[in-house]
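Now for the letters of each chain:
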Amino acid sequence: MKKFLKRYLMVFLAIAGVGLFTLLNREAGLRAINITAYSFKEMALVLPPIFILLGLLDVWVPRETMVRYMGEGSGLKGIVLAILLGSAAAGPLYGAFPVAAVFMKKGVKFSNILIFIGAWSTTKIPMFLFEVASLGAKFAVTRLLVDIPGIIIIALLLAALIPKDKVRQLYENAEKMN
Amino acid sequence: MAEFLYIAAAVLFALSFFKDRKKTGMVLKKAWKAFEHILPEFLVIILLVGVMMALINPEVISKIIGVDSGWLGVVLAAVVGSITLIPGFIAFPTAAMLLEGGAGYMQIGAFVSTLMMVGVITFPVEAKYFGKKLTLYRNLMAFAFSFLVAYIIGLVVGGL
């Protein structure tokens, strides 16, 4: 119980903050509550299949398979898979991090995990279609074509910048999470 | 796309269930554990987003990144995109509205790019999995990269 309270302390503080905000500015506060309820619904709608897939991946796909397709030495195949998996996702970026943790556990190469995160953040297919509809094909396609190499370059730079033992530490940390 | 994910998850889950019930129980346990591990952060994020969205509405944003805001407008657009966290299906129509309202393509490019790639609010969640240093680097690089995106979009779409 004490552990629960400690873990959720920030949540209670945030709720209290929204309450205070509503007292100070009723209209804006109600708007904030409305938007929060909306985001909550969105989260409740999008996240369950992602976490079920994450669980299935964790339990059924052997580490060796993941290493073969996306681990060290997976080369271009690993990069393409990372982009495809990230792009097939739905939902906000923070949904990608728990998946990344399972990838770490399964021995996916660090730069491929970063590419996956990058793809999830910005080349998601449903979002792309929506972008085409709202801002036009020229806008969306230009952004996509700049983003794909950009994501890969950023991932490779990050992987090169972070020392190996630090990466190992992150992988060990992920091991504890699931 | 959420539908597609539901179908994929349902089919694979059913397959898992018929093949091995014990393992399927483990699947559920792992899914729940991974979710619960990050639930407090999720809840804080959506509460923060609620307050922020109540304060920063499309009118405010369009004032900041209007037509002749130039490079300063691009910088401001990138900053606004970085600190806000708006779901795509609200963000894109908003961006379209801003364009109609006179915002430039370059500014909108910067806004959309940082909106999706840079997450100030989600920093604590990201750091939980990737560490503070890497999270900082990734977000800084994505922020800088968004200016290149903005410039190219301005060039190609806006006819800069």
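Residues numbered from 1 in each chain as written. Chains lettered and ligands numbered in written order. Predicted model: local features only at pLDDT ≥ 70, side-chain atom pairs only at ≥ 80, totals over all residues. Heavy atoms only, no water.

Chemist: Describe the overall build of chain B, listing the residues and the values that go with them.
Modeler: For chain B, the count of helices and strands is eight helices and zero strands. Secondary structure of chain B in N-to-C order comes out as α-α-α-α-α-α-α-α. Over its C-alpha atoms chain B spans a radius of gyration of 20 Å, topping by over 25% the 15 Å that the globule rule assigns to 160 residues. When its C-alpha atoms are laid out on the principal axes, chain B stretches across 65 × 30 × 30 Å. Each of the 160 residues in chain B was classed as buried or not, and the buried ones make up 55%. (Helix = DSSP H or I, 4+ residues; strand = E, 2+ residues; numbered from the N terminus. Rg over C-alpha atoms; globule rule 2.2 N^0.38 Å. Buried < 20%, exposed > 50% of the residue type's maximum accessible area, 1.4 Å probe, protein only.)

Chemist: Explain the domain arrangement of chain B to me, using residue names and the numbers behind them.
Modeler: The extent of an interface is frequently quoted as the accessible surface area lost upon association of the parts. All names here are of chain B. What the domain assignment reports for chain B is domain 1 (1–47) and domain 2 (56–160). Measuring from the centre of the C-alpha atoms in domain 1 to the corresponding centre in domain 2 gives 31 Å. With both sides pooled, the region where domain 1 packs onto domain 2 buries about 520 Å², and carbon together with sulfur makes up 70% of that total. Here domain 1 and domain 2 share one salt bridge between them. Close ionic contact of Lys128 with Glu41 constitutes a salt bridge, the shortest N to O distance being 2.9 Å. At the junction of domain 1 with domain 2, the criterion picks out two residue pairs in polar contact (both at pLDDT 80 or more). Its residues assigned to classes, the side of domain 1 that touches domain 2 shows three nonpolar, one polar and one charged. (Domains from an automatic or database assignment. Buried area = accessible area lost by both parts, 1.4 Å probe. Salt bridge = Lys/Arg side-chain N within 4 Å of Asp/Glu carboxyl O. Polar contact = N/O pair within 3.5 Å; in protein donor to acceptor, adjacent residues only side chain to side chain. Nonpolar A, V, L, I, M, F, W, Y, C, P; charged D, E, K, R; others polar.)

Chemist: Give me the interface of chain A and chain B: which residues, what numbers.
Modeler: In this complex, chain A contributes 75 residues to the contact, which on the side of chain B involves 71 residues. There are two salt bridges connecting chain A and chain B. Across the pair Arg7(A) and Glu36(B) runs a salt bridge whose closest N-O atoms are separated by 2.7 Å. (Contact = heavy atoms within 4.5 Å.)

Chemist: So, the environment of Ile151(A): which residues are in play, and what are the values?
Modeler: Structurally, the position occupied by Ile151(A) is in helix H9 (residues 137–161). The buried category is assigned to Ile151(A), whose relative accessible area is 4%. Between the C-alpha atoms of Ile151(A) and Val102(A), which are 49 residues apart in sequence, the distance is 21 Å. Those residues in contact with Ile151(A) that lie beyond four places of it in its chain are Ile115(A), Gly118(A), Ala119(A), Thr122(A), Thr123(A) and Met117(B).

Chemist: Outline the environment of Trp60(A), listing residues and values.
Modeler: If you trace the backbone, Trp60(A) turns up in helix H3 (residues 26–60). Setting aside anything within four residues of it in sequence, one finds Trp60(A) in contact with Ser16(B), Lys19(B), Asp20(B), Lys23(B) and Val27(B).

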